[in-house]
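In case you want the letters, here they are:
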Amino acid sequence: MRRNSVLAVAFGLAICAGVLPLLAAYYISRERAFVLERRHLADYAEWTLQRADLNISRARTALETVMSEQRETCSAADITRLQEITTATLSVEEIAITNGGRVICNSWGPMRDEEHVSGEPIPLSDGYMLRLNGGGLSDPSQGMLVVSHGEFHALLKRERLVDVLHDTPMLLGIASLSGQPIMVSGDADPALVSRLVSQQVSGFNESEVFSSRRGKDFAAFAISSRSVVDWRTDGQLWKMIPIGIGVSLALIALVVWISRQRLSLAGELMTGIRRKEFVAHYQPIIELSTGRCVGAEALIRWPRPDGSTVRPDHFIPFAEDHGMIGQITELVIGNVIANMKTALVEHRDMHIAINLSPEDVESGHFLTVVSDALKHTGVETSQIWLEVTERGFIHADIARATLTKARDAGHVIAIDDFGTGYSSLSLLESLPVSVLKIDKSFVDAIGQNAATSLVTPHIIEMAHSLKLEMVAEGIETVEQEAILVQSGVQYGQGWLYSKALPFDEFMAFYKKRNAGLEDGGAAVPVGAASGNV
Ligand code: C2E
Ligand code: MG
Ligand code: MG
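A.B. asks: Sorry, what's going on with the sheet that holds strand E6 (residues 144-149) here?
C.D. replies: The strands making up a sheet associate through backbone hydrogen bonding, with each pair oriented either parallel or antiparallel. The strand order E3-E2-E1-E7-E6-E5-E4 describes an open sheet built from seven strands, whose pairing is antiparallel. Every other strand in the sheet has two partners, leaving strand E3 (109-110) and strand E4 (122-123) as the edge strands with one partner each. Pairing of E6 with strand E7 (residues 152-157) involves six bridges; the strand directions are antiparallel. Following the sheet pairing, Ser148 is matched in E7 by His153. Packing of helix H2 (residues 76-88) onto the sheet brings it into contact with strand E1 (92-99), strand E2 (102-106) and E3, and relative to E1 it is tilted by some 145°.

A.B. asks: Help me understand helix H4 (residues 226-274) in this model?
C.D. replies: Taken as a whole, H4 carries its principal kink of about 40° at Trp238; the proline Pro242 stands between one and four residues after it. Directly after H4, the chain includes Lys276, whose backbone phi takes a positive value near 50°.

A.B. asks: Can you help me understand the site of ligand 1 in this one?
C.D. replies: As a structural note, the neighbourhood of ligand 1 is formed by 23 residues, with Glu297, Arg311, Asp416, Glu476 and Trp495 the closest of them. In this structure, Arg311 approaches ligand 1 through a side-chain N or O atom, which is 2.7 Å from an oxygen atom. Within the contact set of ligand 1, a nitrogen atom lies 2.5 Å away from a side-chain nitrogen or oxygen of Glu476. When isolated, ligand 1 has an accessible area of 800 Å², and the protein chains bury 87% of it.

A.B. asks: What is the right way to look at the coordination of the magnesium ion (ligand 2) in this model?
C.D. replies: Working reference: metal with six octahedral donors, ideal angles 90 or 180 degrees; metal with four tetrahedral donors, ideal angle 109.5 degrees. Within the protein, the magnesium ion (ligand 2) binds to Glu297 (OE), Asn355 (OD1), Glu387 (OE) and Asp416 (OD); these donor distances fall in the range 2.0 to 2.2 Å. Between the magnesium ion (ligand 2) and the magnesium ion (ligand 3), both coordinated by Asp416, there is a metal-metal distance of 3.8 Å. One end of the pair, Glu297, is in strand E14 (residues 292-303); the other, Glu387, is in strand E17 (residues 384-389), with 90 residues separating them in the sequence. Judged by relative accessible area, Glu387 falls into the buried class, the value being 2%.

A.B. asks: Would you take a moment to explain the nonpolar core for this structure?
C.D. replies: By size, the foremost hydrophobic cluster in this structure holds 76 residues, and its most contacted members are Ile328, Met340 and Phe506. Of all the elements, helix H6 (residues 325-346) adds the most residues to this core, at 10 residues. Those residues within four positions of Met340 in sequence are excluded, and the remaining contacts are Tyr282, Met350, Ile352, Phe503, Phe506 and Met507. Of all hydrophobic cores here, the second largest spans 43 residues; its members include Val66, Ile97, Val147 and Phe152.

A.B. asks: Is there a simple way to explain the sheet that holds strand E9 (residues 181-184) in this structure?
C.D. replies: Taken in spatial order, the five strands make up an open sheet running E9-E8-E12-E11-E10, and their pairing is antiparallel. The sheet terminates laterally at E9 and strand E10 (202-204), the two strands that pair on one side only. If you compare each strand with its neighbour and ignore which way they point, the axes differ by 15° on average. With three bridges connecting them, strand E8 (residues 171-176) and E9 associate as antiparallel partners. When the sheet's bridge partners are listed, Gly173 is paired in E9 with Val184.

A.B. asks: Can you help me understand unusual backbone geometry in this one?
C.D. replies: The bulk of non-glycine residues show a negative phi, and the bulk of peptide bonds are trans. Of note, the phi angle at Cys74 is positive, near 60°, even though the residue is not glycine. Its location among the elements puts Cys74 in the loop between helix H1 (3-68) and H2. By relative accessible area, Cys74 is classed as buried at 13%. At Asp417, a residue that is not glycine, the phi angle is positive and equals roughly 50°. Within the secondary structure layout, Asp417 lies in strand E18 (residues 412-418).

What counts and how
- Counting starts from 1 at the beginning of each chain's written sequence and moves along it residue by residue.
- For this description, chains carry letters from A and ligands carry numbers from 1, given in the order in which they are written.
- The model is predicted, so local features are restricted to residues of pLDDT at least 70 and side-chain atom pairs to those at 80 or more, both for listing and for counting; the totals for chains, interfaces and linings are taken over all residues.
- With hydrogens and water stripped out, all remaining heavy atoms of the structure feed into the side-chain values.
- Paired strands are those between which DSSP finds at least two bridges.
- Numbering goes from the N terminus for both helices and strands, where a helix is a DSSP run of H or I of at least four residues and a strand is a run of E of at least two.
- Throughout, a contact is declared for two residues whenever any of their heavy atoms are within 4.5 Å.
- In this analysis, axes come from line fits to C-alpha atoms, helices being fitted only over the stretch in contact, and the angle between any two N-to-C directions falls in the range 0 to 180 degrees.
- The quantity called bend is, for any residue, the angle between two axes fitted respectively to the seven residues ending at it and the seven beginning at it.
- Think of it this way: one heavy atom of a residue within 4 Å of a molecule or strand is enough to make that residue near it.
- Distance and chemistry together define a polar contact, namely a pair of N or O atoms within 3.5 Å, with one atom able to donate a hydrogen and the other to accept it when in protein, and with adjacent residues in sequence counting only for side-chain atoms on both sides.
- Where accessible areas are quoted, they stem from the Shrake-Rupley method and a 1.4 Å probe; at the residue level, only the protein chains shown are allowed to cover.
- Metal-coordinating donors are taken as N, O and S atoms lying within 2.8 Å of the metal, or within 3.2 Å when the metal is Na, K or Ca; because water is left out, some sites can appear incomplete.
- When accessible area is computed with a 1.4 Å probe and restricted to protein chains, residues below 20% of their type maximum are described as buried, those above 50% as exposed, and intermediate ones as partly exposed.
- Among buried residues, those of type Ala, Val, Leu, Ile, Met, Phe, Trp, Tyr and Cys that are joined through side-chain atoms within 4.5 Å constitute a nonpolar core.

Here is the structure:
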């Protein structure tokens with residue numbers, strides 16, 4: 001990713017960071033508005049139930065008074081008393097007395113017509129009955145509810161059951177527990193009403209929000225239009241938008257900060273490349289059967305002005321992502337040849353391994369860089385090994401073409417970190433590779449109970465059968481070394497021998513390590529690790 005790409009990604013992320021929290025604020029406000037409205041409606045359904053119970057219990061009290069005073073003869077005194085009780089009882093419009101179902105009088109006087117109580121009674125708790133229509137009880141009784149006990153009847157207006165004051169527009173309704181609607185304070189969809197009274201629900205559809213409640217005698221419900229939710233959403237937005245703006249600003253600041261970091265690392269890397277700040281350190285490679293140092297792997301280091309050194313893991317992947325790795329490889333090749341040319345000419349059996357990135361393999365540019373750098377040095381191309389990880393084989397045909405050119409030029413090709421990728425056996429056979437570097441994780445597993453410890457012998461066996469030489473990476477103990485020697489692994493590198501060393505220290509190590517051997521004496525004992533990282 002180059003500077004422009006970083007800016008483009010940062011711009012995209014900043015837009016997302018700015019917009020997404022605001023969308024989230026709107027979404028949360030809307031959801032919250034729905035929840036609040038449903039809760040609000042559930043409260044009103046509950047209050048409607050209480051209102052209905054209150055009215056019914058007033059009717060009961062009135063009837064209890066009439067019954068306790070044994071007023072069943074419809075005498076003038078009885079009628080006067082019925083009137084008094086009716087007037088004194090809120091909600092009750094009329095009280096009537098029947099005889100064998102025939103109405104004989106009500107609070108307004110005796111009945112002359114042959115009128116009978118009609119309508120299917122719905123049992124209420126406490127032995128009372130409810131009829132949804134007054135029937136023939138009296139003229140004004142049309143459309144009235146009747147609460148009865150035996151031959152005594154109290155009449156109530158249906159709307160009394162739902163006359164609950166509400167703070168937002170809504171419909172209130174009440175029905176019997178069996179689902180028979182008693183009163184709805186407006187026009188409601190009958191299908192919705194029957195759903196609401198048959199079970200306790202709370203929800204919404206395309207146009208309405210609703211909640212219902214069930215009590216001991218009735219089911220009540222409240223329905224409001226979704227426009228109320230819009231209004232509530234606006235209210236919630238006032239609270240959520242400032243939070244959304246805060247989160248947006250914080251995220252935008254984070255995106256800007258990360259982009260500046262990345263741009264500054266990109267900038268620093270570019271400056272580092274321009275100033276050729278990178279140096280190669282050398283980690284000795286040991287012939288395991290003799291203990292002799294046969295060469296080294298060049299590992300890049302980036303010294304900083306404050307005296308610290310940046311390790312490759314911290315900038316190589318970034319350089320790979322930002323299209324700068326080719327220039328870095330070029331610097332490493334130049335550095336290695338400048339450092340090592342004399343030593344390589346002096347010690348023909350010494351080699352230096354250079355790491356390549358997938359992009360190098362893809363472009364093949366390193367081939368010209370190496371051959372130019374080697375011109376007039378007297379160094380054999382076979383003394384420069386090239387390490388490629390399995391990631392470098394993703395485009396197998398291109399990799400094969402580049403590596404074949406490198407092999408034909410005389411270089412030794414090694415597969416780095418073997419076992420951590422997914423290259424198949426057939427792919428391996430088809431590549432011009434002659435060395436396999438066993439990844440440190442498999443060396444670490446030697447002698448352990450880990451699942452990877454079962455894989456190590458297979459890797460070694462496979463390398464033998466493909467006639468590949470092996471370098472074991474990251475050897476840290478003599479036990480690992482002993483098992484590797486026993487398994488026929490030819491070379492090794494690791495802290496058991498030495499960490500990666502600056503050029504001078506590596507040459508000192510090389511000479512000291514091999515001195516005894518060249519004199520015919522014993523090799524420097526294994527484990528004599530030295531040097532810095
Ligand atoms: P690598 O090529 O697999 O190098 C081996 C890494 O293992 C090195 O880390 C080395 O210091 C470390 N190592 C060796 N022996 C031991 C040991 O006994 N114990 C432990 N714990 N570690 C050990 P380093 O130098 O940090 O390099 C890391 C990776 O960076 C390298 O892995 C390689 O993939 C990459 N790299 C290094 N230099 C270059 C370069 O010039 N070009 C490219 N493209 N990549 C490079
Ligand atoms: Mg390597
Ligand atoms: Mg490696």
